[in-house]
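# Close look at the chain arrangement
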Amino acid sequence: MATAALPRLASDALHNARLDRRYWNLIVQFAVKDFKIRYTHSALGYAWSVLNPLIFAVLYYLVFSVFIRFDVPNYPCYLILGIVVWNFFAEATSNGVGSLLTQSGIVTKAALPRQVIVYAAVLNALLTFAITTVVLFVVLRVTGTPLTSAAIVFPLVLVDLVLLALGVSLLLAPLHVRYHDIGYLWGIALQVGFWLTPVIYHDLMIPPRWHWLLRFNPMARIIGHSRDALIYGRWPDWATFGRTTAIALVVALIGSFVFRRMQDRLVEYY
Amino acid sequence: MTDAAIEVRGVSKTYRIPHERHTTLLERILARFRPPGFEELAALRDVTFSLPTGSFVGVIGANGSGKSTLLKLLAGLLVPDAGEVVVRGTVAPLLELGLGFHNELTVAENIALYGSVLGYPPHAMRERVEEAVAFAELERFRDAKLKSLSSGMLMRLAFATALRAEADILLLDEVLAVGDARFQQKCFDVFADLKRRRRTIVLVSHDLASVQRFCDRVLWLHEGRLAMDGDAETVVKLYLAMSRADTLRRAGERPAAGAARSVPAGPVHRWGSGAVQFEDGCLEREDGTPLGSVQSGQRVVLRLAARAHAAVEALAVGFIVKQLGALGGHVIYSTNNQLLGRPLGTLRPGDRLVMRFAFQAALLDGHYALHVIAASAATGDIEIFDWINDYVTFTVEGSRCHEGVADLGAEFHYEVPGARPAVARS
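Rules of the game
- Residues numbered from 1 in each chain as written.
- Chains lettered and ligands numbered in written order.
- Predicted model: local features only at pLDDT ≥ 70, side-chain atom pairs only at ≥ 80, totals over all residues.
- Helix = DSSP H or I, 4+ residues; strand = E, 2+ residues; numbered from the N terminus.
- Buried ≥ 20, exposed ≤ 12 C-beta atoms within 10 Å, placed from the backbone.
- Contact = placed C-beta atoms within 7 Å.
- Pairing = 2+ DSSP bridges.
- Axes fitted to C-alpha atoms, helices over the stretch in contact; angles between N-to-C directions.
- Expected span 1.5 Å × (residues − 1).
- Bend = angle between axes of the 7 residues up to and from the residue.
- Nonpolar A, V, L, I, M, F, W, Y, C, P; charged D, E, K, R; others polar.
- Core = buried A, V, L, I, M, F, W, Y, C linked by C-beta atoms within 7 Å.
- Parallel < 35°, antiparallel > 145°, perpendicular 65-115°, else oblique.
- Left-handed = near helix turned anticlockwise from the far one by under 90°.
- pLDDT = per-residue confidence, 0-100.

### Some points on the overall build of chain A
When helices and strands are counted, chain A shows 12 helices and 0 strands. Helices and strands in chain A line up, N terminus first, as α-α-α-α-α-α-α-α-α-α-α-α. Relative to its 270 residues, chain A shows a buried fraction of 42%. Considering only intrachain contacts with a sequence separation of at least 6, the fraction spanning at least 24 residues in chain A is 81%.

Below you can see the structure in the form of structure tokens.
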């Protein structure tokens, strides 16, 4: 069953990925448009992309390091990296899951490959992520955390991260059109996920019998790999890293499969 | 067969419309345990046609006859339940103007975005943006945010962008009624140009005058079926005739003989107290013979028969002429027997009256409708006995001019003051 399904899944993923050049152009345009109009009518503009994670980082630092006295080494870096990566995932998926509905005007009137809309939503979050990454590197610099050669793993981790976010978005976006519950459910899932993922606290604070929770949580794995690469200068255990990639890939394949199955009748569901 | 740009073979499309009439919470909960009820709505039934490359095709039909569904199938937005849709070439579906326009972006940015949605090639984008800005006559506003434009400017911009879509096949849904008369003329010129460049165009419209003007061929959809497929002239005429018969049937009357009686689809209604009711009516020649289409300037007679069902004093019978189509809606002419100085006496119940209005059809080519009215102004308040919209419709042909509604019978004379006979020069 699994072996028969796999080529099927792969062909769907390929189908979704194979797009005419002008559609890639369109994806970029959609993403940039949303990015441009996001901060119109605000005085600080793009600074909000930076301020938001910074403010929360300071807040969490105050609560968990000063008040509750977590003893995590290099906590500012630990914290900001977790927040930046998690925020990207949260923004990309909530953009992505809602994208077909928010862009219903275009989806129901223009004969675009529908995945263009979802890709653009994720790319839009990636643009914000690019800005916050700058903050991240500033914090690393200020705290004197040295970047080692292991940092080159970070882009690979990002590939997994984007695959995961795309997979979730492709899976849930068409379902969201049909059942608006999906939107609310995903909002809750993100809240739950945030507290079940070691963004604020350290993995070692979790009792061993709960460690399986981390193993099956792709975001915990991705954030862990990111910290290894950028903060601790540790090369990953490639087998573990491979499993992370496999999880992200499977989510992306399932997402593509469902998306492809649903996209033909999408217009009728609105 | 291979040069067909669009082939539609045995296509059917059915929508499921779920019944959602759960008013109370309990009903809603109970509904979860019942199989959901739904109604099937056959939007298209077994439609087959093929359009060669370069054809300009109109799709007409009453509301809900499946026109938009057909267009969405051609655009690839919907998938047919049965049959096959083959489209050869790139398609620009212009089902809605200003798709994806955003108020916070500038005019130029919006064109670039809309252009991408419609499939402009990226390399030609800059040039096309300038072209569209120029066509919409918005050069001054090129870098202004969209929100500072008037709604008319917005429509012009949307249309200008849409018409420059570089596609083999254009699907236009009811987009003609845009802009002022001058801009409309410009758009018509673009249509003519597209036609010359052998683009395949499918136009869905209620504006029969435009359909007749541009389309070489017309598809008439009736309740999801392809009722007729043929040259524009014939199909539009039959469509009008058929709609008229349909309206009369609905009004509980039998269609009378006479080719010049036909009515377009639309909100036709009849109202009044019923003290006097029209029983028959048609346009005919002055010698009383039936009339096909009306020659521009011809004298015609509107013959009306009415019956009184109550005692009526100072009956006024009149008619209103309106044009159908793009410029339609306004009254071209109206009169009644009292205005014409021919008052009618008292009618007793059961009296039947046959009336003739002779008038000159000084109209330009197009479709026209007559509303007929029987009323009384005897008591001071006007009482409407019977008012029927679009009671008679007719087509005028053979006018010497093309723009406008009325033939004012212009004549042309000229002289060259002070000029000597040409032979005097050498």
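Anyway, onward from the coordinates.
### Concerning the overall build of chain B
A tally of helices and strands in chain B yields 8 helices and 18 strands. Within the span of chain B, comprising 426 residues, buried residues form 36% of the whole. Within chain B, residue pairs in contact and separated by at least 24 positions form 72% of the contacts whose partners lie at least 6 positions apart.

### What about the sheet that holds strand S6 (residues 169–173) of chain B?
Residues and elements named next belong to chain B. Strand order in the open sheet made by the 6 strands is S5-S6-S7-S3-S8-S9, with mixed pairing throughout. Strands at the two margins of the open sheet, each flanked by one partner only, are strand S5 (91–94) and strand S9 (225–231). Taken over all neighbouring pairs, the strand axes of this sheet differ in orientation by 15° on average, direction set aside. As paired elements, strand S8 (residues 217–222) and S9 share 6 bridges and run antiparallel to each other. Counterpart to Arg-217 in the pairing with S9 is Asp-231.

### A few points about the environment of Val-50 of chain A
Residue and element names in this part refer to chain A. Tracing the chain through its elements places Val-50 in helix H3 (residues 47–67). Here the alpha-carbon distance between Val-50 and Leu-136, two residues 86 residues apart in the chain, equals 9.6 Å. Other than its neighbours up to four places away in sequence, Val-50 contacts Ile-131, Thr-132 and Val-135.

### So, helix H4 (residues 75–102) of chain A
It helps to recall that an α-helix has 3.6 residues per turn; residues three or four apart then point in one direction. All names here are of chain A. In this model, H4 (28 residues) spans 38 Å end to end at C-alpha, consistent with the 40 Å of a helix rising 1.5 Å per residue. The sharpest bend along H4 reaches about 30° and sits at Gly-96. Of all 28 residues in H4, 23 are buried, a share of seventy percent or more.

### What about the interface of chain A and chain B?
Taken residue by residue, the interface counts 18 residues in chain A and 20 residues in chain B. Of all elements in the fold, only helix H2 (21–38) and helix H5 (104–107) of chain A reach the threshold of two or more residues within the side of chain A that touches chain B. The element that contributes the greatest number of residues to the side of chain A that touches chain B is H2 of chain A, accounting for 7 residues. Taken together, the residues that form the side of chain A that touches chain B break down as 7 nonpolar, 5 polar and 6 charged.

### Re the sheet that holds strand S13 (residues 299–308) of chain B
All names here are of chain B. Pairing is antiparallel across the open sheet formed by 3 strands, whose spatial order is S11-S13-S16. Edge positions in the sheet fall to strand S11 (276–285) and strand S16 (352–360), since each of these pairs with one other strand and no more. For this sheet, the mean angle separating the axes of adjacent strands, direction not counted, is 20°. Pairing between S11 and S13: 9 bridges, direction antiparallel. Counterpart to Gln-277 in the pairing with S13 is Arg-307.

### Things to note about helix H11 (residues 238–263) of chain A
Its 26 residues give H11 of chain A an end-to-end C-alpha distance of 36 Å, which sits within 8% of 38 Å, the value for a rise of 1.5 Å per residue. If you check which residues of H11 of chain A are buried, you get Thr-244, Thr-245, Ile-247, Ala-248, Val-251, Ala-252, Leu-253, Gly-255, Ser-256, Phe-257, Phe-259 and Arg-260 of chain A.

### Describing the nonpolar core
Val-122 of chain A together with Leu-171 of chain B are the most contacted members of the largest nonpolar core, which totals 178 residues. At 15 residues, H4 of chain A tops the list of elements feeding residues into this core. Those residues in contact with Val-122 of chain A, other than ones at most four positions away along the chain, are Ala-92, Asn-95, Gly-96, Val-162, Ala-165, Leu-166 and Ser-169 of chain A.

### Notes on the packing of H4 of chain A against helix H8 (residues 181–196) of chain A
All names here are of chain A. The geometry of H4 relative to H8 is characterised by a closest axis approach of 10 Å and an angle of 170° between their N-to-C directions. Taken as axis vectors, H4 and H8 run roughly antiparallel relative to one another. Contacts from Trp-86, Ala-90, Thr-93, Ser-94, Val-97 and Gly-98 in H4 reach Ile-182, Gly-183, Trp-186, Leu-190 and Phe-194 in H8. Of the residues in the contact of H4 with H8, the class split is 7 nonpolar, 4 polar and no charged.

### Observations concerning unusual backbone geometry
Phi angles above zero are rare outside glycine, and Arg-69 of chain A is one such case at about 60°. Here Arg-69 of chain A shows up in the loop between H3 and H4. A tally of 7 C-beta atoms within 10 Å means that Arg-69 of chain A is categorised as exposed. Positive phi values are uncommon outside glycine, yet Arg-198 of chain B reaches one of about 55°. With respect to the helices, strands and loops of the structure, Arg-198 of chain B is situated in the loop between helix H6 (181–196) and strand S7 (200–204).

### Remarks on the pairing of S8 of chain B
Inspection of the sheet shows strand S3 (residues 56–60) of chain B paired to S8 of chain B by 4 bridges, in the parallel sense. Within the sheet, the bridge partner assigned to Gly-58 of chain B lies in S8 of chain B and is Val-218 of chain B.

### Thoughts on the packing of H4 of chain A against helix H7 (residues 153–178) of chain A
Residues and elements named next belong to chain A. Packing of H4 against H7 brings their axes to within 7 Å, and their N-to-C directions diverge by 30°. Comparing their axes, H7 and H4 come out roughly parallel. The way H4 lies across H7 gives a crossing that is right-handed. Along the contact surface, H4 presents Val-85, Phe-88, Phe-89, Ala-92, Thr-93, Gly-96, Val-97, Gly-98, Ser-99, Leu-100 and Leu-101, while H7 presents Leu-161, Ala-165, Val-168, Ser-169, Leu-172, Ala-173, Pro-174, His-176 and Val-177. Of the residues that constitute the contact of H4 with H7, the class distribution is 14 nonpolar, 6 polar and no charged.

### A look at the confidence of the model for chain A
As a general rule, the predicted coordinates of low-pLDDT regions are not to be interpreted in detail. Of all residues in chain A, 97% attain a pLDDT of 70 or more, and the chain-wide mean is 90. Ranking the elements of chain A by mean pLDDT puts helix H1 (residues 2–17) of chain A last with 67 and helix H10 (residues 218–232) of chain A first with 96.

### What about the environment of Thr-69 of chain B?
Residue and element names in this part refer to chain B. Of note, Thr-69 is situated in helix H2 (residues 67–75). Judged by the 24 C-beta atoms lying within 10 Å of it, Thr-69 is buried. For Thr-69 and Lys-13, which are 56 residues apart along the polypeptide, the C-alpha to C-alpha distance reads 8.0 Å. Apart from the residues lying within four places of it in its own chain, the contact partners of Thr-69 are Lys-13, Ala-43, Leu-44 and Leu-78.

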